[in-house]
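Structure assessment
Now for the letters of each chain:
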Amino acid sequence: MQSNMKKTRRRMTSTATAATTTISSSTRISLVNFLLQVMTISSFLISISHASISCSSDVKCQNRYKSTESICLPSGTCSNPFQRGCLQTMNVSKYSYKKRICNSNDKNTTDDTNSTETTTETLEEDDPLCKDPEFPYLEVRIHQGDWESSFITAWIYQIVLMELVGVPATVGLTGESTNLANFYSMENEFAYSTTDYSPEGLKMSNQVMAGCNETEDACVHVLPVVWSGQRNVLQELLEQGEISLPSPNGMLGETGLFLPISTAQDYPQLTSFLGYQGESNRRLLADLFKRPTTWKEYCDDRSPTKCSSPDGVAFRYPPNDEEGQRYFLEGQFIGHFENTRESDCARTLDCTGYIVGPPCQFTNNLDAQLYWNNIVGLKRDGPLLENGGYKTSSMVEIWLAAAATQSPVLMWWFSLNEIQQLFDNTPWSFQPVLLPKPTAECLDRRTTIQERCDSDVSIRRGHQLGACDDEVQALKKVFAVSFSNENNGLEEANRSPAHELLQNLNIDSLEMGDIIRKWVLKDNDRSGNDAREAVCEWVVEHLDTLESYIPLGFPREVIVRVYNSWYTSLAKALAVSTAIMSALAIGLISKYEKTKVMVFAQPTFLYLVLIGFVAICVAAYVMLLRPTTVLCMTVEWLVVLGYTVTLVPVLVKTAAINRLMNSSKKMQRVRLNSNMLFVQVSLTVFVVLVCLIIWSVQDPPIAEFRQEVSIDDPRVIIRELECESQSMVWVSIQLSWEFLLMLMAAVLAFQSRKAASVINDSRSLGVMVYSHVVFAGIRGGVVFLDQTNALEARVVNALKSFNYSLDTLIALLVYVYPKIYMARQEPAEYLTAFNRTASVANFGSSHHRDDNRLSNSSRSGKRLALTRMASMSKRPTKQDLKVLVCTGNLGNAEPTLESMMSWIPADGACNQVTPLPGVRSLFAGHFDLIVIGMQESTWKGHKDAPKVQKEQKPDENKVISEEEILRAMEAHDTAALRQKVRDVLGEAYFQVAEEARGQMRLHVWAAEWVIDDINDIKITGANTGVGNVLANKGGIVLSLSYMQTTISFVSAHLAAHEGEQYYKTRCRNVRSIFKEGKTSTLSSKLDVSLSSDHMFVIGDLNFRTKFSPEGEHDENVERALELVKNKDYATLYSYDELCQGIESGDLLVDFKTLPCDFPPTFKVEREAGFVYKKQRTPSYTDRILYKSMESLKRNMRPLAYEPCPGFITSDHKPIRGAFSISPNESFGPLTLENEVTLTFKNFACMDLPPADSNGFADPYVMIMWENDLLEELSGNLRSKIRRVVFRSIRWPRTSYQPRTLNPEWRGEEISLRTIRPQIPPGSKLFLVMVDFDALSKDDYMCTVCLDLTELLTLGPNQKEKTVPIYRQLQRHGRHTGRIKAHVVVKREVMARRQQFFVSRSGMFETSQMMRTLAAGNVNAASLSSASFASGDSDLE
């Protein structure tokens, strides 16, 4: 409460006598004795917060304090004898062997004393004063306040917490002040706080959850004594959630008016307010209560000598302004009370006496009590401008001056402080003045702090009903909410007793008075030790009572478990045995590495696996040792690296087996390199090592004690060492990595489970992987039990060790040692069959045959090759490519050979297909290319599938054929379909591509006479099933190049069912397929329909018959059947959803479909002819659509379009269509005599699609082209280097136009020039609309494709032309706006270029290469050319 008391006490000079006598209870003593008593009291008050007793040796301190615990510090003062603790210093038997808990002040003290004399260092190091906390309790910060009862309570709290229950605690407001206020302070001094209360300190403690020692700002958890005047502040803190509900601390506080008892004895009427009321008492009050005078005022105005010499009141002039404002200074100024003009009743009728009041911040009602109780003869005339009050320090000095001068004084004061105890039983003991009895109504009318500090006296007086006496207050203790809730979320073993203990602990006023009285009566070291000794004696006397406040289960005792046990020894033995077995296996494999079983198992692979096993076994042993931080990290390194080195080779090997299986389905030949095993393992290990190093630096697992409460005794905490990280992030990453490796290996092993054992040992490898997964699951359960503390740490480590060892042991027994046994049975050296007529696809093989040529991969990573040798017969002279496109939904049933022959013409003969009118003359001979799209092409069981027999002992001299390998690796339905198609088409056709996606299949078969002109095959696709993940619906996209002509095929199976919502879903399916199925080498964003010269969309598109108006289902069925019966196919076809959708622009814009002049193909009975099921409306669901580039439309001509009613195994009837395509190569290139420039200008777009969340876009135009034919005219050196060296282009573009869907680029031009003398036919130029994004990659919007050959064509004498462009933009098969521009084409006047330009794509002549390979009898009929890439665009 007294915010300036500390300053007063420190300003006082200690000139007290060495001893003081007990104050007599007599009310009449001689002036000399009384002055001696006052001097003694003032000496005590002066020394309260002053330095400790000076000394020259330890003996002096020990004799003074009668304790061997005090030493003489280097500063020349005696140390605190209670540093070791109150109870141990006082030799309390049950605590004599216990050291107190250290707090943050002890750490600071140790740091500070490192440079002091040897005596101090010995005290700190050889015999520590305290011990570190055994539990991670929050260090409690207690505010001592600026008055005695608060300070004493704080010390009692600190002693109880630190010595009875082991909770660290400090006393003070800031980290710096706690060193002085600490009960255990080395310097044996203490200091009051600079403030009475600290709301901001309570708030700060809620922000600094780690403890107040983490901040230098004001921070406290506990206010031990709070007066009721703070109720408004407390209520505000409570509403803000900063404190818990305040509770009583056991003490009662009193405030009010006091006068010396000697004055009360002389004037008994002054003990009641009645003796002060009215005009009748004015003269008495004016005569008695004089105005206190400061030292400077006295010397300047009252001293006869101006204090130049002693005058009996002042002994000298104050040396500075600070002392000049003092009202008392022992030995220098005894004080003075003066009559003023206002107190001279002879000179003024309104004379008054003077009352000493507190600052306005104190909880008092003095102005109201004086005014409303008609006490007119007193006034406040202190130096504080707000209310005429005095600072607390000044009030103490005024009472001392009154006692020294025997002057009456009337002062507002409070109870429970040392001044009252010091003056008790003296003439100047405090006598209260009674005022009207307080009532509830009066208390409600009290003035607030804002009103008390108002400059207007009428406001300070408040309401008349608030003029009663001050009530006796039940003092409170207040806890910050962070302290009250400190145990929330903590384990039982770490819960702190601090809050519950302090909540229960109460000290009543009598006990507090007893402590203060003891302090006053001691006469040894008033500067520090007397107060500590008084507090400590009280604690010892009331120890039993204090112990009763300790919560149940406290204080706690720690028992450390022994780490070794019988099961840890057993686990160690198993780990060592398994490690020896792994090392032995390495030696045996080295011995038999050239045997057949080892060659097929790959010794390199086995070595890596076994090295990982050894690391895991070492980890299993190390984790059973007593944990240290180094061992903890070592275990993690060994486990992670062990499983990485073990499982990554397993992944590589299993993936290779799956690659062989998947390649067989696509007729691939593959070559596997053993060096890749080392590369992949090395890269993975490197990444893992980097992560482990980061883990070791940032958050390494360290050896920490794990603790739990004993079931038998809640006061006993059982501890055991275990490895713990501060965060679970790295541990989670480690477990996730191990689980991911095992999961991937398990999935791959499951996928390769059907692989023949002649190919590799995938079955035993799979069993090993599955066992790893099982043990990983068990480890996960152990980790879960460990996190829930259901098991002891040593038990958890033993279980983990058993798990690692058994995991390794089973892997050895299942996979490694059976191979060693087989190698011992057949120790002969094995000669591989790569030098024979056929090869075995063996994992890790580094052998290479010249006739095992690999096809070049497309950007999608597909590797396509042929399965048979084609005899290279002479190509017919005609150039047109006759293409047969077939599509059918097989209905998940195996088709009969007769059904397949009714769909696919035998031997590919054209005469088996009904031609369209007028094209019969083109229908001679055989089809050149046959494309077959199938949906729902899987089925259960297969009568012709080879039965699995028990594996026989392999014959090492047997040659494994390619067909046997394929049949062993692929699904039965895949092989059956291929075989049926081969049986139908005969030996003149060869499969050049095959793709499976879910139940969809796409086959491409080529005649032997065109096979060498087919290249650059690319395959992609999209799933549009549930979540766009499942492949039950979707599409396969395939592109190929034939004589400089790009032809693409999309085989799709779209969403089923009738209704508008399903129609919209089918439209979305088409857009998804176009979006994902990209084959362009320019950009992954270009639609396949725009980057192709010719394109087909085939499949079960599921578009239905939609009558208008639409009736009930039965009505629609009957209506459709009636039209079929009448062969009115034109009318039925007019209700086709697909045609309506194309016409409205919902999908597949610019695509064409021939009229369906035949019955609907769905839904029919599985028999010959068209017999419809009435569950569905008959519809044309199976379709063939086609599209050509605008300038190439004349090059493709439809020849036939018909259903196949003889197909009897499906509820769909397949359809087929024939087309004739004139390849671009047959027209020859455009030859340029001179360089030609193209200048694009006047760009403008209309109705672009929104690309940003605001409904607009920031579009710009980008120009792209094929075949490296052009370059930007204004291109700089950087662009040229990028094009030539890095084979990439930054495509020219306009500026972007912000926030618009109808941009215009006025004044902007883009100029290009040709860089080749010949332009291949069908060369394309794309105008691409792109949305600019500042913080992310730009977004593709839409495109239009232009024929570059047409743009560059000029007449013989034409030097320049302007081509207007006004075209629809497209995206994913839909129109998305329009673009217009002008292109100025100009022939430059210059000499004809003699230089031919080399394409940066590295394109080579495929047909020439094929002829070369054919001359060398290479076992291949066709190869894909190197993929042509003119550079990645910015949209990749």
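It should be emphasised that the depicted structure is a prediction, and the values quoted were computed from it without experimental measurement. (Residues numbered from 1 in each chain as written. Predicted model: local features only at pLDDT ≥ 70, side-chain atom pairs only at ≥ 80, totals over all residues. Heavy atoms only, no water.)

Re the nonpolar core
The test is simple: The nonpolar core is taken to be a set of buried Ala, Val, Leu, Ile, Met, Phe, Trp, Tyr and Cys residues, with the residues joined through side-chain atoms within 4.5 Å. Each residue's exposure class comes from its accessible area (1.4 Å probe, protein chains only) as a fraction of the maximum for that residue type: buried when under 20%, exposed when over 50%, partly exposed otherwise. Where helices and strands are cited, they refer to DSSP runs of H or I of at least four residues and of E of at least two residues respectively, numbered from the N terminus.
Ile156, Leu161 and Tyr276 are the most contacted members of the largest nonpolar core, which totals 115 residues. Of the residues forming this core, the biggest block, eleven residues, is contributed by helix α7 (residues 148-164). Val931, Ile1014, Val1164 and Tyr1172 belong to the second-largest nonpolar core, a separate cluster that totals 77 residues.

Considerations on the pairing of strand β23 (residues 1034-1042)
Where we set the bar: Only strands joined by at least two bridges in the DSSP assignment are considered to pair.
Counting buried positions along β23 gives nine out of nine residues, so the element sits mostly inside the fold. Residue alternation in β23 divides its side chains into two sets, Gly1034, Ile1036, Leu1038, Leu1040 and Tyr1042 and Gly1035, Val1037, Ser1039 and Ser1041, and both sets are buried. Two elements, strand β22 (residues 1014-1023) and β23, share eight bridges in a ladder whose sense is antiparallel. Its bridge partner lying in β23, Asn1015 is registered against Ser1041. As judged from the nine bridges shared by β23 and strand β24 (residues 1045-1053), these two strands associate in the antiparallel manner. Across the sheet, the residue bridging to Gly1035 is Ala1052, located in β24. Here β23 folds back onto β24 in antiparallel fashion, the turn holding two residues, of which Met1043 has a positive phi close to 50 degrees.

A short note on the state of the cysteines
What counts is decided by this rule: Any cysteine sulfur atom paired with another within 2.5 Å is treated as part of a disulfide.
All told, the structure shown has ten disulfides when counted by the stated rule. Between the sulfur atoms of Cys212 and its disulfide mate Cys219 the distance is 2.0 Å. Taking the sign of the S-S torsion, about -65 degrees here, the bridge from Cys212 to Cys219 comes out left-handed. You can see Cys1139 has no disulfide; the closest cysteine sulfur is in Cys1156, sitting 6.7 Å from it.

So, helix α41 (residues 1137-1144)
For the record, the criterion: Note on definitions: a residue-residue contact is assigned when non-hydrogen atoms from the two residues lie within 4.5 Å.
For α41, the full list of buried residues reads Glu1137, Leu1138, Cys1139, Gly1141 and Ile1142. Structurally, α41 contributes buried residues whose contacts are with α37 (1060-1076), α40 (1129-1134) and β26 (1182-1188). Just beyond α41, the residue with positive phi is Gly1145, at close to 85 degrees.

Considering the environment of Met209
If you trace the backbone, Met209 turns up in the loop between α9 (199-207) and β5 (222-226). In this structure Met209 comes out as exposed when scored by relative accessible area, which is 58%. For the pair Met209 and Leu138, spaced 71 residues apart in the sequence, the C-alpha separation amounts to 8.9 Å.

Some remarks on the packing of α7 against helix α23 (residues 509-521)
To keep things clear, this is the line we draw: An axis is simply a line fitted to the C-alpha atoms; with a helix, the fit covers only the stretch in contact. Between two such axes, the angle follows the N-to-C directions and lies from 0 to 180 degrees. By the definition adopted for this analysis, an angle is roughly parallel if under 35 degrees, roughly antiparallel if over 145, roughly perpendicular if from 65 to 115, and oblique otherwise. Charged means Asp, Glu, Lys or Arg here, nonpolar means Ala, Val, Leu, Ile, Met, Phe, Trp, Tyr, Cys or Pro, and polar covers whatever is left, Gly included.
Contact geometry of α7 with α23 gives a least axis separation of 11 Å together with a crossing angle of 100 degrees. It follows from the interaxial angle that α7 and α23 lie roughly perpendicular. Contacts between α7 and α23 involve Glu148, Ser149, Ile152, Thr153 and Ile156 from the first element and Met512, Ile515, Ile516 and Trp519 from the second. Within the contact of α7 with α23, the residues separate by chemical class into six nonpolar, two polar and one charged.

Let's talk about the pairing of strand β16 (residues 702-709)
Across eight bridges, the pairing between β16 and strand β17 (residues 716-724) is antiparallel. When the bridges of β17 are listed, Arg706 appears paired with Glu720. Counted between consecutive antiparallel strands, the loop separating β16 from β17 contains six residues.

Side note on the pattern of salt bridges
Put simply, the test is: By salt bridge we mean one thing: a side-chain nitrogen of Lys or Arg within 4 Å of a carboxyl oxygen of Asp or Glu.
For the structure shown, the criterion picks out 40 salt bridges. Of the charged contacts, one joins Glu338 and Arg302 as a salt bridge, the two residues approaching to 2.3 Å between their closest N and O atoms. Taken as a pair, Glu338 in strand β9 (residues 336-338) and Arg302 in helix α13 (residues 295-302) lie far apart in primary sequence, 36 residues in all. Exposure remark for Arg302: the relative accessible area of 39% places this residue in the partly exposed category. A salt bridge links Arg347 to Asp344, with the shortest nitrogen-to-oxygen separation between them at 3.9 Å. Among the residues examined, Asp344 registers a relative accessible area of 25% and is labelled partly exposed. A single salt-bridge network, built from bridges that share partners, covers Arg291, Glu297, Arg302, Glu338 and Asp381.

What to know about the sheet that holds strand β13 (residues 430-432)
Reading across the sheet, the three strands line up as β12-β7-β13 and stay open at both edges, with antiparallel pairing between neighbours. Only two strands of the sheet have a single partner each, and these edge strands are β12 (411-414) and β13. Between one strand axis and the next, the sheet turns by 55 degrees as a mean value, whatever way the strands run. Bridge count between strand β7 (residues 255-260) and β13: three bridges; the pairing is antiparallel. In the sheet register, Phe258 faces β13, and the bridge partner there is Pro432. Here helix α16 (residues 392-405) sits on the sheet in contact with β7, β12 and β13, set at roughly 110 degrees to β12.

Some details on unusual backbone geometry
Cis geometry marks the peptide bond from Phe554 to Pro555, where omega comes out at -10 degrees. Following Phe1162, the chain continues into Lys1163 via a peptide bond in cis, with omega recorded as 0 degrees.

Remarks on the packing of aromatic side chains
Here the distance between the centres and the angle between the planes together describe a pair of aromatic rings. Just so we agree on the cut-off: Planes of paired rings set the category: under 30 degrees apart is stacked, over 60 is edge-to-face and the rest tilted, where pairs are Phe, Tyr or Trp rings (Trp by its six-membered ring) whose centres lie within 6.5 Å. Placement of a charge over a ring requires the Lys NZ or Arg CZ to be within 6 Å of the ring centre, with the centre-to-atom vector within 35 degrees of the ring normal.
The full count for this structure, using the stated rule, is 35 aromatic pairs. With a centroid separation of 5.6 Å and 70 degrees between ring planes, the pair formed by Trp147 and Tyr197 is classed as edge-to-face. With a gap of 50 residues between them, Trp147 in the loop between β3 (140-142) and α7 and Tyr197 in the loop between α8 (175-181) and α9 connect regions that are remote in the sequence. Exposure remark for Trp147: the relative accessible area of 0% places this residue in the buried category. A relative accessible area of 9% means that Tyr197 is categorised as buried. An angle of 15 degrees between the planes, with centres 4.2 Å apart, marks the rings of Tyr1296 and Phe1332 as stacked. Taken together, the residues Tyr1296 in the loop between α42 (1277-1284) and β33 (1304-1314) and Phe1332 in the loop between β35 (1324-1331) and β36 (1339-1347) connect sequence positions 36 residues apart. A cation over an aromatic ring shows up here: Arg100 above the ring of Tyr184, its NZ or CZ 4.1 Å from the ring centre. When the ring centre of Phe1103 is taken as origin, the NZ or CZ atom of Arg1066, which lies over that ring, is 5.4 Å away.

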